[in-house]
Amino acid sequence: MESDRIEILLEKYLEATTSIAEEKELRTYFSQESVPTHLAQYAPMFQYFSKAKEERYTKTLPLRNKRFNYTWLSIAAMAVLFFGIYFGNEYQKKKEAEYAYNETKKALTLLADNFSRGTEKVAYLNEFENAKQKIYNKN
């Protein structure tokens with residue numbers, strides 16, 4: 001009869017619907033040495049839970065060192081941030097200068113093309129002037 005109740009409680013435990021009192025009952029049942037063979041596979045698990053509940057952490061925690069580490073960590077983060085801003089600005093200025101250089105190069109190329117076309121027109125005017133001078137000088 002008790003075995004049937006333990007099986008029902010075990011089924012509820014595996015479905016995560018047991019109360020704290022029922023879990024305590026399971027731990028005490030499985031801490032006994034006489035556990036039926038078909039339930040013996042669960043005994044080590046509940047025995048571990050009973051032992052783990054009694055464990056305590058006894059070492060002291062060095063709280064002061066963590067603050068020291070956080071201080072240095074925040075200083076390092078600020079340094080990385082400042083370097084990022086500085087070198088980011090340098091990179092941005094370099095990109096802007098490169099853009100200005102390319103735009104100036106395009107403008108000067110366009111000016112040179114138009115200037116060479118204008119030089120050709122002046123050459124035609126010089127030929128016209130030379131022809132006019134020859135005509136007027138013959139008379």
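The structure this text deals with has already been given above.
Residues numbered from 1 in each chain as written. Predicted model: local features only at pLDDT ≥ 70, side-chain atom pairs only at ≥ 80, totals over all residues. Heavy atoms only, no water.

So, about the overall build of the protein. Scanning the protein from terminus to terminus reveals 4 helices and 0 strands. Ordered by position from N to C terminus, the α and β elements of the protein give α-α-α-α. Out of the 139 residues in the protein, the part that is buried amounts to 9%. When contacts within the protein are restricted to residue pairs at least 6 apart in sequence, those whose partners lie at least 24 apart make up 37%. Working note: accessible area of the protein is about 12,800 Å², and carbon and sulfur atoms make up 60% of it. Each charge sign in the protein was given a centre, from 21 positive and 19 negative side chains, and these centres are 15 Å apart. (Helix = DSSP H or I, 4+ residues; strand = E, 2+ residues; numbered from the N terminus. Buried < 20%, exposed > 50% of the residue type's maximum accessible area, 1.4 Å probe, protein only. Contact = heavy atoms within 4.5 Å. Areas by Shrake-Rupley, 256 points an atom, 1.4 Å probe, with all protein chains shown as cover. Lys, Arg positive; Asp, Glu negative; His and termini not counted. Charge placed at Lys NZ, Arg CZ, Asp CG, Glu CD.)

So, on to the side chain of Arg27. Position of Arg27 relative to the elements: it lies in helix H2 (residues 20–30). No salt bridge is formed by the buried Arg27; its nearest oppositely charged neighbour, Glu23, is found at 4.5 Å. In this structure Arg27 touches Phe46, Phe49, Ser50 and Lys53, once residues within four positions along its chain are discounted. (Salt bridge = Lys/Arg side-chain N within 4 Å of Asp/Glu carboxyl O.)

Attention shifts here to the nonpolar core. Ile6, Leu9, Leu10, Leu26, Tyr29, Phe30, Val35, Leu39, Ala43 and Phe46 form the largest nonpolar core, which has 10 residues in total. Where this core is concerned, the elements lending two or more residues are helix H1 (2–14), H2 and helix H3 (43–54). (Core = buried A, V, L, I, M, F, W, Y, C linked by side-chain atoms within 4.5 Å.)

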